[in-house]
Every structure is written in C-alpha cells, then in structure tokens.
Amino acid sequence: MISTSTAVGNVTLPHGPRVDPATRRAFLRFLVVGTTAVLIDFCVYRTLLSVDQSAAFAKGLSYLTGMAFGFVANKFWTFGSKRSSAAEPIGYLVLYTITLGVNVGLNAVALP
C-alpha cells in the first residue's frame, strides 16, 4: 500500500482516498435534489398557510410534495435508475411516512 501526504508548514497531512468522479457527481446531485425538495416543502407550506390552511395540514402536504419531488429526481437524475419495481416507491414511502410524522410533530411543538 502506498501512502501519500502533503506538507503544510511543519505539519504533514495524509491524503484521503480518491473519490470516483461518478460518486462525486451523484453526491452533488443528491445535495441539489435535497435542497430543492426542502425549498419546495417550504414554499408549499408558506403558500398553504397564506390561504388559511391549518399548520398541520400545510406541513403534511408540503412535506409530501417535497418527498415526491425528491423520489422522482433522485431516482432518475441523481442515480439514473431504470429499474421498475413496486418495492422501491413503497419502501421510500414507508421511510418518509415515518419521517413525516416526526416532521409534523416537531413543527407542532416548535410553533407555540
């Protein structure tokens, strides 16, 4: 095994492992999709509140909207998945339904 390092002043820093460009690209796309999903969630939430919807309803619907965007964008753009299986969206939905409960619950606790 070959170890490389970089000297900075009197300190030698080891180089980390090289990251595959495809992995780096997928990670950056994942960050873009996640950030966009959060922005969609926020915009839908604020819009629903502005038309006098309850906070719980607005938070639930906004979260589901962001979740749906995240699933589709990550599946096709981030990871380029061509796989078609019912288990994939069902697993995603189960995981995000649990986090939806946490999200709506924290929102309810934080508002007062």
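Residues numbered from 1 in each chain as written. Predicted model: local features only at pLDDT ≥ 70, side-chain atom pairs only at ≥ 80, totals over all residues. Heavy atoms only, no water.

### Re the environment of Val44
Phase 1 of the analysis: Secondary-structure assignment places Val44 in helix 1 (residues 21–50).
Phase 2 of the analysis: A C-alpha to C-alpha distance of 7.8 Å links Val44 and Leu61, two positions 17 residues apart in sequence.
Phase 3 of the analysis: Leave out the neighbours within four places in its chain, and Val44 touches Ser62 and Thr65. (Helix = DSSP H or I, 4+ residues; strand = E, 2+ residues; numbered from the N terminus. Contact = heavy atoms within 4.5 Å.)

### With respect to the side chain of Asp41
Phase 1 of the analysis: Structurally, the position occupied by Asp41 is in helix 1.
Phase 2 of the analysis: Exposure remark for Asp41: the relative accessible area of 10% places this residue in the buried category.
Phase 3 of the analysis: A distance of 2.7 Å separates the side chain of Asp41 from the side chain of Ser62, its partner in a polar contact.
Phase 4 of the analysis: For Asp41, the residues in contact, after removing those within four places along its chain, are Lys59, Ser62 and Tyr63. (Buried < 20%, exposed > 50% of the residue type's maximum accessible area, 1.4 Å probe, protein only. Polar contact = N/O pair within 3.5 Å; in protein donor to acceptor, adjacent residues only side chain to side chain.)

### Thoughts on the packing of helix 2 (residues 55–78) against helix 3 (residues 87–110)
Phase 1 of the analysis: The N-to-C vectors of helix 2 and helix 3 enclose an angle of 145°; their axes lie 10 Å apart at closest approach. Helix 3 is crossed by helix 2, and the crossing has right-handed handedness. On the side of helix 2, the interface is formed by Ala55, Lys59, Gly60, Tyr63, Leu64, Met67, Gly70, Phe71 and Lys75, while helix 3 contributes Glu88, Pro89, Tyr92, Leu93, Tyr96, Thr99, Leu100, Asn103, Val104 and Asn107.
Phase 2 of the analysis: Among the residues making up the contact of helix 2 with helix 3, the classes are represented as 11 nonpolar, 5 polar and 3 charged. (Axes fitted to C-alpha atoms, helices over the stretch in contact; angles between N-to-C directions. Left-handed = near helix turned anticlockwise from the far one by under 90°. Nonpolar A, V, L, I, M, F, W, Y, C, P; charged D, E, K, R; others polar.)

### A short note on the packing of helix 1 against helix 2
Phase 1 of the analysis: Where helix 1 meets helix 2, the closest approach of the two axes is 8 Å, and the angle between their N-to-C directions is 155°. By the angle class used here, helix 1 and helix 2 are roughly antiparallel. Of the two possible hands of crossing, helix 1 and helix 2 adopt the one that is right-handed.
Phase 2 of the analysis: In the contact of helix 1 with helix 2, the residues fall into 17 nonpolar, 7 polar and 3 charged. (Parallel < 35°, antiparallel > 145°, perpendicular 65-115°, else oblique.)

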